[in-house]
Amino acid sequence: VQLQASGGGLVHSGESLTLFCVASGSDISINNGYWYRQAPGKQRELVASISRPDTTDYAGFVRGRFTITTNNANIVNLQMNSLEPEDTAVYYCEVDAFIGRDPYPYPYWGQGTQVTVSS
């Protein structure tokens, strides 16, 4: 299973971005999906999570600006609105996914995608 994260870029304060996380491989079923971020000089922090079928949770700094979604198969996206310079970071996705008939989900990480918000 490979996880591909994309959608990052350079935007101005107040603008929006959508991050995409796609798991490639056969017979994948996402159980939980996560988006993390890591700013320069800071530790990686959890931004949002989603659990089958659609239970979501967000970090306090999100303040209603972001929405995490999944198709419960192989995609976990993060819609980010009203971006602020403080949101500048490398964003990473992670999923816990069932593969085929495996009885337990396993974690998979994608590479990061850079989000830069200018003031």
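Residues numbered from 1 in each chain as written. Predicted model: local features only at pLDDT ≥ 70, side-chain atom pairs only at ≥ 80, totals over all residues. Heavy atoms only, no water.

Draft legend 1. Quick look at the state of the cysteines. Tallied over the full model, the rule gives 1 disulfide. Across the disulfide from C21 sits C93; the S-S distance is 2.2 Å. A torsion of 70° about the S-S bond marks the disulfide between C21 and C93 as right-handed. Taken as a pair, C21 in strand β3 (residues 17–24) and C93 in strand β9 (residues 89–99) lie far apart in primary sequence, 72 residues in all. The pair formed by C21 and C93 is uniform in burial state, with each residue classed as buried. (Disulfide = S-S within 2.5 Å. Helix = DSSP H or I, 4+ residues; strand = E, 2+ residues; numbered from the N terminus. Buried < 20%, exposed > 50% of the residue type's maximum accessible area, 1.4 Å probe, protein only.)

Draft legend 2. Summary view of the sheet that holds strand β7 (residues 66–70). Read across the sheet, 4 strands follow the order β1-β3-β8-β7 without closing on themselves; strand pairing throughout is antiparallel. Only two strands of the sheet have a single neighbouring strand rather than two, namely β1 (2–6) and β7. Put simply, the sheet's adjacent strands are angled 10° from each other on average, direction ignored. With 5 bridges connecting them, β1 and β3 associate as antiparallel partners. Residue pairing for β3: A5 is matched across the bridge by C21. (Pairing = 2+ DSSP bridges. Axes fitted to C-alpha atoms, helices over the stretch in contact; angles between N-to-C directions.)

Draft legend 3. Structural context of the packing of aromatic side chains. Evaluation of the coordinates by the stated rule reveals 2 aromatic pairs. Look at Y36 and W109: their rings are 5.1 Å apart centre to centre, the planes differ by 40°, and that puts the pair in the tilted class. Here Y36 is found in strand β4 (residues 28–38), whereas its partner W109 is found in strand β10 (residues 106–109), with 73 residues between them in sequence. Y36 sits in the buried class, given a relative accessible area of 19%. Put simply, the rings of Y34, Y36 and W109 pair up and form one aromatic cluster. Sitting over the face of the ring of F61, R37 holds its NZ or CZ atom 3.8 Å from the ring centroid. R44 extends its terminal NZ or CZ atom over the ring of Y92, reaching a point 3.8 Å from the ring centre. (Phe/Tyr/Trp six-rings, centres within 6.5 Å; stacked < 30°, edge-to-face > 60°. Lys NZ or Arg CZ within 6 Å of the ring centre and 35° of its normal.)

Draft legend 4. Just unusual backbone geometry, in detail. The amide bond that connects R52 to the next residue, P53, takes the cis arrangement and shows omega of -5°. Mapped onto the fold, P53 is located in the loop between β5 (45–51) and β6 (55–58). Positive phi, close to 55°, is recorded for D27, a residue that is not glycine. Phi at N72 is positive, roughly 65°, even though this residue is not glycine. Mapped onto the elements of the fold, N72 is located in the loop between β7 and β8 (75–80).

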